[in-house]
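Residue-level structural notes
Listed below are the residues making up each chain.
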Amino acid sequence: MSIPTMTKQDDLQSRLPDPTQFFPEMAAISGAMFKATRNGSIPQTTISMVQLRAGQIVGSTYHTVRQTGDLRKAGETEERITAVASWQDAPYFTDAERVALELVEAVLTPNPSGERVPDELYAKASAHYDDKALWTLTLAISQICFFIPVALIGKPIPGKAPGKNYSK
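Residues numbered from 1 in each chain as written. Predicted model: local features only at pLDDT ≥ 70, side-chain atom pairs only at ≥ 80, totals over all residues. Heavy atoms only, no water.

Quick notes on the overall build of the protein chain
Scanning the protein chain from terminus to terminus reveals seven helices and zero strands. By the compact-globule yardstick of 15 Å for 168 residues, the protein chain fits well, its C-alpha radius of gyration being 17 Å. Overall size of the protein chain, expressed as C-alpha extent along the three principal axes, is 45 × 45 × 35 Å. By residue count, 37% of the 168 residues in the protein chain fall in the buried class. Accessible surface for the protein chain amounts to roughly 9,900 Å². Of this, 58% is attributable to carbon and sulfur atoms. Side chains of the protein chain give 17 positive and 18 negative charges; the mean places of these two sets differ by 10 Å. (Helix = DSSP H or I, 4+ residues; strand = E, 2+ residues; numbered from the N terminus. Rg over C-alpha atoms; globule rule 2.2 N^0.38 Å. Buried < 20%, exposed > 50% of the residue type's maximum accessible area, 1.4 Å probe, protein only. Areas by Shrake-Rupley, 256 points an atom, 1.4 Å probe, with all protein chains shown as cover. Lys, Arg positive; Asp, Glu negative; His and termini not counted. Charge placed at Lys NZ, Arg CZ, Asp CG, Glu CD.)

The structure is reproduced here in structure tokens:
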């Protein structure tokens, strides 16, 4: 029986090269999305938790590592960061954070018995967030969904800064 070994991050290789060499406008798109979600209507930690949960749901190591790092830099506790995966029964989240996490799960999880974001969930979200905040939350989910295929197909190197996370 073999024992798994850790791979040094320096040995990791992305599958694809940095897309900005082919699509320079990606930097502007990314910057605009980043700016739009940082308008102050929702705490940045909530956005990072939502994007962390999205990364967990789709199985993206890159996004999970990136959002975990962002949350640590923002001063979030390890309990709150690790509990994002099991937020439903964790005592660490506000009602507004819970509905944001529920919303990203609804968007990314198929619902065989109905629509993904039913009126009841929208009503819960609108009880905690005004129109601008709801749009910000929607854009934060859109932002991570835009970059999920990049992470899953291109496999940028987890833990490396954007722009430095491609080896080709």
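Things to note about the packing of aromatic side chains
Under the criterion given, the structure shown has two aromatic pairs. A ring pair is formed by F146 and F147, whose centres lie 4.8 Å apart and whose planes are at 85°; its orientation type is edge-to-face. According to the relative accessible area criterion, F147 is buried, its value standing at 18%. (Phe/Tyr/Trp six-rings, centres within 6.5 Å; stacked < 30°, edge-to-face > 60°.)

Description of unusual backbone geometry
Located in the positive-phi region is K155, a residue other than glycine, with phi close to 50°. The topology assignment puts K155 in the segment after α7 (131–154).

Considering the side chain of T136
With respect to the element layout, T136 can be found in helix α7. For T136, a relative accessible area of 1% translates into the label buried. Once you skip the residues sitting within four places of it in the chain, T136 turns out to touch A36, T37, N39, S41, I42 and I47. (Contact = heavy atoms within 4.5 Å.)

Notes on helix α5 (residues 95–108)
Counted at 1.5 Å a residue, the expected span for α5 with its 14 residues is 20 Å, and the 20 Å between its end C-alpha atoms agrees. Within α5, burial applies to E97, R98, V99, A100, L101, L103, V104, E105 and A106. Residues of α5 that are buried make contact with α2 (44–58), α4 (78–83), α6 (119–128) and α7. (Expected span 1.5 Å × (residues − 1).)

Brief notes about the pattern of salt bridges
Under the counting rule described, the total for this entry stands at five salt bridges. Ionic pairing is found between R53 and E105, a salt bridge with its closest N-O pair at 2.7 Å. With R53 in helix α2 and E105 in helix α5, this residue pair connects regions lying 52 residues apart in the sequence. Residue R53 is classed as buried on the basis of its relative accessible area of 13%. Put simply, E97 and R80 hold a salt bridge, and the shortest N to O gap is 2.7 Å. Of the two residues, E97 sits in helix α5 while R80 sits in helix α4, which places them 17 residues apart along the sequence. For the pair formed by E97 and R80, the shared burial category is buried. (Salt bridge = Lys/Arg side-chain N within 4 Å of Asp/Glu carboxyl O.)

So, the nonpolar core
Judged by nonpolar contacts, the single largest core of 19 residues is most densely connected at I42, V50, Y129, L137 and I141. When residues of this core are traced back to their parent elements, those giving at least two are α2, α5, α6 and α7. It is α7 that contributes the most residues to this core, seven residues altogether. Those residues in contact with I141, other than ones at most four positions away along the chain, are V50, L103, V104 and V107. (Core = buried A, V, L, I, M, F, W, Y, C linked by side-chain atoms within 4.5 Å.)

These figures capture arrangement, not role.
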